[in-house]
Amino acid sequence: ALLGPPGADDPPHGEPYESLRVALRSGAAFWDELVQAVDAPREEVFAALWGLVWSGEVTNDLFAPLRAPRRLPPLRADGPGRSARRRGGRRRGAATATSGRWSLTHRLFAEPIADEDRRRARAEMLLERHGVVTRGAARSDGTPGGFAGVYRELSDLETLGSCRRGYFVDGLGGAQFALAAAVERLRELRDAGPDGAGADGIVLGAADPAQPYGAAVPWPKASSGRAPARVFGAQAVLVAGVPVLYLERGGRSLLTVGDPEDEAIELGVAGLAAWITTDPSRRVLIERVDGQPARESALSDVLAAAGFRTDLRGLLLRA
């Protein structure tokens, strides 16, 4: 409630959206209860439910649906001894995009909140999310008013001892605020040197708050001249905290960041291959590397050594 309604899509209209709204007005409901309440095929109910989620009208008491594959779980036939309570997505096991209880969000925002309380909550959220809050981090999060909109609250938190003001990230000016624990972790990494923690390739979502490039700090220049971006679905591969590879959304294009002959690129490719093969649902077919056909690129041998095999359209790797 303190953070306020999230930025969201425009409210959808028509059936079965209206039926779902009516069904949820009486309180939270499980997926199977919503299917029974709406006179429409399961596929339409599923699409409409997530349409209401993206419009900010519906929420869930679990994070699991956001992390699960965005697919409708299969309808299982009842077997001998199967109770009604275990039907329709409430059975134990792997989380699905319909797990948990669904409810309307308007109850969360019914009470008026003072502007200063809301700004304080946003400042605390930025600190918890990023560790080190810079002007770019506040802007990338879509903070109302940008960095200036929470600067006073961050200063108040510094006075209270909840955070520190300092020059933590080189080149980003002195107006930086950080949690004390984040400062200590930065010191540990600095003292460990370039061969310390994080030397192996680590894959992070390009838009993940844990991935600071393009938000708190600028991206290094890509070899192809194309700039990476904080796009949902894209992946950044970091070695010793520095991005070396950028896998565009869809996985068909790979960009190298820095010198393609650098040993860090090989570590990044190994990390990318490990990320792909540890999840049975992942399948990546790279068609182009730095704008060139993948099989003809300077990185083709490194990708092949990491397990990518030649495909008609490029280089393929799956779990």
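Anything mentioned here points back to the structure above.
Residues numbered from 1 in each chain as written. Predicted model: local features only at pLDDT ≥ 70, side-chain atom pairs only at ≥ 80, totals over all residues. Heavy atoms only, no water.

Trainee: Can you help me understand the pattern of salt bridges in this one?
Mentor: A full pass over the atoms with the stated rule returns 10 salt bridges. Note that E184 is salt-bridged to R187, the shortest N-O span being 2.8 Å. Taken together, the residues span about one helical turn, with E184 and R187 both in helix α8 (residues 180-192) at a distance of 3 residues. What makes R187 partly exposed here is its relative accessible area of 37%. Through salt bridges with shared partners, a single ionic network connects E18, R21 and E57. (Salt bridge = Lys/Arg side-chain N within 4 Å of Asp/Glu carboxyl O. Helix = DSSP H or I, 4+ residues; strand = E, 2+ residues; numbered from the N terminus. Buried < 20%, exposed > 50% of the residue type's maximum accessible area, 1.4 Å probe, protein only.)

Trainee: Explanation requested: the nonpolar core in the structure shown.
Mentor: Here is a general trend for soluble globular proteins: nonpolar side chains tend to be buried in one another's company. Ranked by size, the top nonpolar core spans 22 residues in total, and within it L245, L254, I286, L299, L303 and F308 carry the most contacts. With 6 residues, helix α9 (residues 263-277) is the largest single contributor of residues to this core. Sequence-distant contacts of L254, that is, excluding residues within four places in its chain, are made with L245, Y246, L247, L272, I286, R288, V289, D290, L299 and L303. (Core = buried A, V, L, I, M, F, W, Y, C linked by side-chain atoms within 4.5 Å. Contact = heavy atoms within 4.5 Å.)

Trainee: What is the right way to read the side chain of T256 from this model?
Mentor: Within the fold, T256 resides in strand β10 (residues 253-256). Among the polar contacts listed, one links the side chain of T256 to the side chain of D290, at a separation of 2.6 Å. Setting aside residues no more than four positions away along its own chain, T256 makes contact with A222, S223, V244, L245, I265, D290 and L299. (Polar contact = N/O pair within 3.5 Å; in protein donor to acceptor, adjacent residues only side chain to side chain.)

By themselves, these observations are geometric and do not establish any function.
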